[in-house]
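# Coordinate inspection notes
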Amino acid sequence: MNYSVNINGIDVDANYSEKSINEIFYPLLKRLTTLQKEKNRRLLVFLAAPPGAGKSTLASFLQKLSEEDDELTDIQAIGMDGFHRRQEYLTSHTTLRDGKEILMVDIKGAPVTFDLELLNERIKKLLNTETIGWPSYDRHIHNPVENAITVSRDIVLIEGNYLLLNEDGWSELKEISDYTIFIGADEELLRNRLIDRKIKSGNTRDKAEHFVDYSDMSNVRLCLNKSMEADLMLQVTENGEYTL
């Protein structure tokens, strides 16, 4: 099934096979529907994956599938990218990388460039607030947009790179979730996807390759090697197929 969506200001085209839809996605949505009814409250689902694995697009597609089937509880897909620190903060604050002090903007997308405290606080509010504003991220203006989304549904699917990261501060997030999903992928596949995404954001190929190799690939390896086990473990293949 072809699926087109705008993710953070960029048009994305994806293709999901009937096999993935019928054997993975629909069973997942039925499981979440049952779990939400059993708990009789808002269900928080985490979808974690390295950069370039297609998690934002998949989260949006799962929302679409849930809305088209009356037997499923509607999902609302939101992301953690709205908790990037603002560009003016990243260009004026430093961090250490390989023993060298660098500007945070040079490794934008690394865990340190997110406002983890605010993310933690807002996720907890999801459990206690029926309707809540949620930020999004726009890749064209390179900044979050506060309260761009109104969250009101009974199943909330939050997608992000580090939602299952096994590091201080981040690892506590998993305790808030009701169900977790992780997507793995080959490093070279992710590199190619990330370079393409950077170019679509207005960068030259040389600039895109430099940023991806210097910054994004470190985040890819961090996610692949230091994420905690999820309730559902998926793998994305070269042709975009999802497997268990």
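In what follows, the accompanying structure is described. Keep in mind that what you see is a predicted model, and the values were worked out from it rather than measured.

## A closer look at helix H6 (residues 205-226)
The terminal C-alpha atoms of H6 lie 29 Å apart, and with 22 residues this matches the ideal 32 Å at 1.5 Å per residue to within 8%. At Val-212, H6 shows its largest kink, close to 45°. Those residues of H6 that fall on the buried side of the exposure criterion are Ala-208, Phe-211, Val-212, Ser-215, Asp-216, Met-217, Asn-219, Val-220, Leu-222 and Cys-223. Where H6 is buried, its residues meet strand S10 (179-184) and helix H5 (187-200).

## A look at the environment of Glu-130
Tracing the chain through its elements places Glu-130 in the loop between helix H4 (116-128) and strand S7 (132-138). Each C-alpha atom of the pair Glu-130 and Asp-154 lies 8.8 Å from the other, and the pair is 24 residues apart in sequence. Ignoring anything within four residues of it in the chain, the contact list for Glu-130 reads Arg-42, Val-151 and Ser-152.

## Section: the side chain of Asp-216
Note that Asp-216 resides in helix H6. Despite its burial, Asp-216 pairs with no opposite charge; the closest candidate is Arg-197, at 5.3 Å N-O. Among residues more than four places away in sequence, those in contact with Asp-216 are Pro-51, Leu-194, Lys-198 and Phe-211.

## Considering the sheet that holds S10
Sheet architecture is open: six strands sit in the order S4-S9-S3-S10-S11-S12, paired in mixed fashion. Each edge of the open sheet carries a strand with a single partner, namely strand S4 (75-79) and strand S12 (242-243). As defined by bridge partners, strand S3 (residues 43-48) adjoins strand S9 (residues 155-160) across six bridges and the pair is classed as parallel. Counted as the bridge partner of Leu-44 is Val-156 from S9.

## Focus on the packing of helix H1 (residues 18-39) against helix H2 (residues 55-68)
Helix-helix packing is described using two parameters, namely the angle between the two axes and the distance between the axes. At their nearest, the axes of H1 and H2 sit 10 Å apart, and the two run at 75° to each other. Classified by the angle their axes make, H1 and H2 are roughly perpendicular. On H2, the residues touching Ile-21, Phe-25, Tyr-26, Leu-28 and Leu-29 of H1 are Leu-58, Phe-61, Leu-62, Leu-65 and Ser-66. Considering only residue class, the contact of H1 with H2 consists of nine nonpolar, one polar and no charged.

## Some details on the pairing of S7
Of the pairings in the sheet, the one linking S7 to strand S8 (residues 143-151) comprises six bridges and is antiparallel in character. The partner of Asp-138 across the bridge, within S8, is Asn-143.

## Remarks on the packing of aromatic side chains
In total, this model carries ten aromatic pairs according to the counting rule given. Centre to centre, the rings of Phe-114 and Trp-170 are 6.4 Å apart; their planes meet at 90°, and the pair counts as edge-to-face. One end of the pair, Phe-114, is in the loop between strand S6 (100-103) and H4; the other, Trp-170, is in the loop between S9 and S10, with 56 residues separating them in the sequence. Here the two residues Phe-114 and Trp-170 agree in accessibility, since each one is buried. Through pairs of rings, three or more aromatic residues link up here, namely Tyr-3, Tyr-16, Phe-25, Phe-61 and Tyr-242. Lying over the aromatic face of Tyr-214, Arg-97 brings its terminal NZ or CZ to 5.8 Å of the ring centre.

## Observations regarding H1
Between the first and last C-alpha of H1 there are 30 Å, a value that for 22 residues agrees with the 32 Å anticipated at 1.5 Å per step. Approximately 30° is the largest bend angle found in H1, and it occurs at Phe-25, with the proline Pro-27 only one to four residues beyond. For H1, every residue scored as buried is listed here: Ser-20, Ile-21, Ile-24, Phe-25, Leu-28, Leu-29, Leu-32, Thr-33, Leu-35 and Gln-36. Positioned one or two residues after H1, Asn-40 has a phi angle of 55°, which is positive.

## A short note on the nonpolar core
Counting 42 residues, the largest nonpolar core has Tyr-16, Phe-25, Ile-183 and Tyr-242 as its most contacted members. Ranked by residues supplied to this core, first place goes to H1 with seven residues.

## Here's the deal with the side chain of Thr-73
As for its position among the elements, Thr-73 is in the loop between H2 and S4. Classification of Thr-73 as buried rests on a relative accessible area of 15%. Discounting chain neighbours no more than four positions away, the residues touching Thr-73 are Thr-33, Gln-36, Lys-37, Ser-66, Asp-154 and Ile-155.

Conventions adopted
- Residues numbered from 1 in each chain as written.
- Predicted model: local features only at pLDDT ≥ 70, side-chain atom pairs only at ≥ 80, totals over all residues.
- Heavy atoms only, no water.
- Helix = DSSP H or I, 4+ residues; strand = E, 2+ residues; numbered from the N terminus.
- Expected span 1.5 Å × (residues − 1).
- Bend = angle between axes of the 7 residues up to and from the residue.
- Buried < 20%, exposed > 50% of the residue type's maximum accessible area, 1.4 Å probe, protein only.
- Contact = heavy atoms within 4.5 Å.
- Lys, Arg positive; Asp, Glu negative; His and termini not counted.
- Salt bridge = Lys/Arg side-chain N within 4 Å of Asp/Glu carboxyl O.
- Pairing = 2+ DSSP bridges.
- Axes fitted to C-alpha atoms, helices over the stretch in contact; angles between N-to-C directions.
- Parallel < 35°, antiparallel > 145°, perpendicular 65-115°, else oblique.
- Nonpolar A, V, L, I, M, F, W, Y, C, P; charged D, E, K, R; others polar.
- Phe/Tyr/Trp six-rings, centres within 6.5 Å; stacked < 30°, edge-to-face > 60°.
- Lys NZ or Arg CZ within 6 Å of the ring centre and 35° of its normal.
- Core = buried A, V, L, I, M, F, W, Y, C linked by side-chain atoms within 4.5 Å.

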